[in-house]
Amino acid sequence: MIFATKSNGSYRAILYEGREYLPYCLVSGKERSTYLGYLEGDDMEEIYKYSGYSAREWLLNYLDAGSDKKALLYRERSVTEIPEGLKSEYEWNEFLPLS
C-alpha cells in the first residue's frame with residue numbers, strides 16, 4: 001500500500017483510511033510489527049503497525065538507515081489515550097485541536 005501524506009508547513013501527516021496521523025515521538029525500530037506499505041514518493045520510508053496497538057490509532061514510519069534504527073511514531077489525530085512512557089517531542093502536537 002502507498003500512503004498519502006499532507007503537509008501544513010509545520011509537519012507532514014500520514015493519511016490512511018480517511019484518518020490523519022500526526023508525528024508524535026521517536027521510538028525504537030524494534031517496536032514495529034506488521035508491514036503496511038510505504039510513503040508516496042519514497043519507498044524507503046516504510047509504514048508499520050506499532051507493536052501492541054491498533055493501526056487505527058498509531059503508525060510507525062521506519063527508515064532502515066543509519067545505526068540508531070529509530071522510527072517516528074504517528075498518532076491518529078483524535079487519539080487522547082497515550083501509551084505509558086510516551087510524550088510528544090513536538091509542542092504543537094500536545095496542544096493541537098482534535099477537530
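Since the model is a prediction, treat every value here as computed from it, not as a measurement. Each chain has its residues counted from 1, following the order in which its sequence is written. Per-residue local features of the predicted model are confined to residues with pLDDT of at least 70, and side-chain atom pairs are confined, for both listing and counting, to 80 or more; whole-chain, interface and lining totals are unaffected and use all residues. Side-chain measures were taken over the full set of non-hydrogen atoms in the model, leaving aside hydrogen atoms and water.

Caption draft 1: Spatial organisation of the sheet that holds strand S2 (residues 12–16). Think of it this way: DSSP has to see at least two bridges between two strands before they count as a pair. Counting from the N terminus, the helices are DSSP H or I runs at least four residues long and the strands are E runs at least two residues long. As summarised here, the arrangement of the 7 strands in space is S1-S2-S3-S7-S6-S5-S4, forming a closed barrel in which the pairing is mixed. Neighbouring strand axes in the sheet, compared pairwise and without regard to direction, differ in orientation by 45 degrees on average. Direction of pairing for strand S3 (residues 19–28) relative to strand S7 (residues 70–76): antiparallel, over a ladder of 7 bridges. By the bridge assignment, Pro23 is partnered in S7 with Tyr74. Orientation is described by axes fitted as lines to C-alpha atoms, over the contacting stretch for helices, and by angles from 0 to 180 degrees between their N-to-C directions.

Caption draft 2: Local environment of the environment of Gly41. Checked against the element boundaries, Gly41 lands in the loop between strand S4 (32–39) and strand S5 (42–50). Along the chain, Gly41 and Ile2 lie 39 residues apart, while their C-alpha atoms are 8.8 Å from each other.

Caption draft 3: Representation of the packing of aromatic side chains. For Phe, Tyr and Trp, rings pair up if their centres lie within 6.5 Å, where Trp contributes its six-membered ring, and each pair is then called stacked (planes under 30 degrees apart), edge-to-face (over 60) or tilted (otherwise). Summed over all chains, the structure comprises 7 aromatic pairs. Each ring, one from Tyr35 and one from Tyr48, has its centre 5.4 Å from the other, and the planes form 65 degrees; the classification is edge-to-face. Placement of the pair is Tyr35 in strand S4 and Tyr48 in strand S5, with a sequence separation of 13 residues. Judged by its relative accessible area of 11%, Tyr48 is buried. On the basis of an interplanar angle of 10 degrees and a centroid distance of 5.0 Å, the ring pair of Tyr50 and Tyr53 is categorised as stacked. Take Tyr50: its relative accessible area is 6%, and that puts it in the buried class. A simple rule labels every residue: compare its accessible area, found with a 1.4 Å probe on the protein chains alone, to the largest value its type can have, and call it buried under 20%, exposed over 50%, or partly exposed in between.

Caption draft 4: Fine view of the pairing of S2. In terms of strand pairing, strand S1 (residues 2–7) meets S2 through 4 bridges, oriented antiparallel. Across the sheet, the residue bridging to Ala4 is Leu15, located in S2. Counted between consecutive antiparallel strands, the loop separating S1 from S2 contains 4 residues, among which Gly9 sits at a positive phi close to 100 degrees. Judged from the 3 bridges that link them, S2 and S3 form a sheet pairing that is antiparallel. Paired with Ile14 across the bridge in S3 is Tyr21.

Just distances and angles here, no functional claims.
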